[in-house]
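# Architecture at a glance
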Amino acid sequence: KEIARLHGRSFFLASQCLPRDRRRAIHATYAFCRLADDTIDNAPTDHSEAAARQLDWWEGQLEAPDDPVALAFAEARAAYGVPVTPAHELIDGLRMDLSSRRYENWPALRHYSYCVAGTVGLLVAPILGCHDPGALPKAATLGIAMQLTNILRDVAEDAERGRLYLPLDEIEAFGCAPDAILAGRPGRGFRDLMAFEIARARSLYAEAYPGVSALAPAGRLATLTASHFYAGILTEIERLDYDVFRCRARVSASRKLRSLPSVTAGFLTLSMRAPARIAP
């Protein structure tokens, strides 16, 4: 719970919509994924071998847990029928960060985003009450949308670490240069590039939306809340006129509160529809 509260504020607020047992399971899942991610994010660039060994050890906790977070995650998987395969895929995705932090095109970046975030959608779907296999691709798509949102928000922070996740072919198409972005001087085409990527992220949120109806009522509300808060980051980037190097885009607590009527309206709309199987 403390890991979720400190590191995933939007996620943590959305989780308060859930009953206690499901909320605990969601926190355990978030914490397991977060600690795996921290293995890469906190590793010095010249210590990739040590990070790889740590990641291997953490993956071993899936089968033979003794770490408290891994034990909690194992309990959550057992209680809600959470598949372990997406957790292995997530760790495989994090290993990609040890060898490459650049992606030639959107299909390559989408694959990476699936591994490190789409898999999280698959892990939390059963906890949120999803029993329709047809809705699972939508859960993965929502994770990809959130990951792309993170990438756009964190361009400057990633650049300071020598990382660049925007598709290289699209950087070129908009007249930008990777080295200029890494130096914090992205050029005039960067604004249009960011607008293009924001439109893509919003289309992913829209693509994922029908899958929310396959969740239990509390799961619907939590998911709508989290996705609405996250999508709000895109609006904040626009408010900055796409200058993510000036400051980090954040959705303030007051803006989150003002968005709750929209979340409630979406929840009521979905709740009035009879649950249906979702086409993949």
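Predicted model, so just to flag it, every value in this text is computed and none were measured.

Definitions and limits used
- Residue positions are given per chain, counting from 1 as you read along its sequence in written order.
- Per-residue local features of the predicted model are confined to residues with pLDDT of at least 70, and side-chain atom pairs are confined, for both listing and counting, to 80 or more; whole-chain, interface and lining totals are unaffected and use all residues.
- The side-chain numbers reported here are obtained from all heavy atoms of the structure, hydrogens and water having been left aside.
- Where helices are involved, their axes are fitted lines through C-alpha atoms of the stretch in contact, as for all axes, and angles between N-to-C directions lie from 0 to 180°.
- A run of H or I in DSSP becomes a helix once it reaches four residues, and a run of E becomes a strand once it reaches two; helices and strands are each numbered from the N terminus.
- Just so you know how the angles are binned, under 35 degrees is roughly parallel, over 145 roughly antiparallel, 65 to 115 roughly perpendicular, and the rest oblique.
- Note: crossing handedness is left-handed where the near helix turns anticlockwise from the far helix by less than a right angle, and right-handed where it turns clockwise.
- Contacts are assigned to residue pairs that have any heavy atoms within 4.5 Å of one another.
- We call Phe, Tyr and Trp rings a pair once their centres come within 6.5 Å, taking the six-membered ring for Trp, and we label the pair stacked below 30 degrees between planes, edge-to-face above 60, and tilted otherwise.
- Ring-over charges, as used throughout, are those where CZ of Arg or NZ of Lys falls within 6 Å of the ring centre and within 35 degrees of the ring normal.
- Exposure classes here rest on a 1.4 Å probe applied to the protein chains alone. A residue is buried below 20% of its type maximum, exposed above 50%, and partly exposed in between.

## Comments concerning the packing of helix α8 (residues 136-153) against helix α12 (residues 190-208)
Their axes nearest at 8 Å, the elements α8 and α12 cross at an angle of 155°. The angle between α8 and α12 falls in the class roughly antiparallel. Note on packing geometry: the crossing formed by α8 with α12 is left-handed. From α8, Lys-138, Thr-141, Leu-142, Ile-144, Ala-145, Met-146, Leu-148, Thr-149 and Leu-152 reach across to α12, where they touch Met-194, Glu-197, Ile-198, Arg-200, Ala-201, Leu-204, Tyr-205, Glu-207 and Ala-208.

## Let's talk about the packing of aromatic side chains
Tallying each qualifying case throughout the model produces nine aromatic pairs. Among the aromatic residues, ring-to-ring pairing joins Phe-32, Trp-57, Trp-58 and Phe-73 into one connected group. Stacked on the ring of Phe-73, the Lys or Arg Arg-77 has its end atom at 4.9 Å from the ring centre.

## Some points on unusual backbone geometry
Phi is positive for Asp-241, which is not a glycine, with a value near 55°. Mapped onto the elements of the fold, Asp-241 is located in the loop between α13 (217-239) and α14 (253-271). Among the residues examined, Asp-241 registers a relative accessible area of 44% and is labelled partly exposed. Residues other than glycine seldom take positive phi values, yet Tyr-242 does so here, at roughly 70°. Here Tyr-242 is to be found in the loop between α13 and α14.

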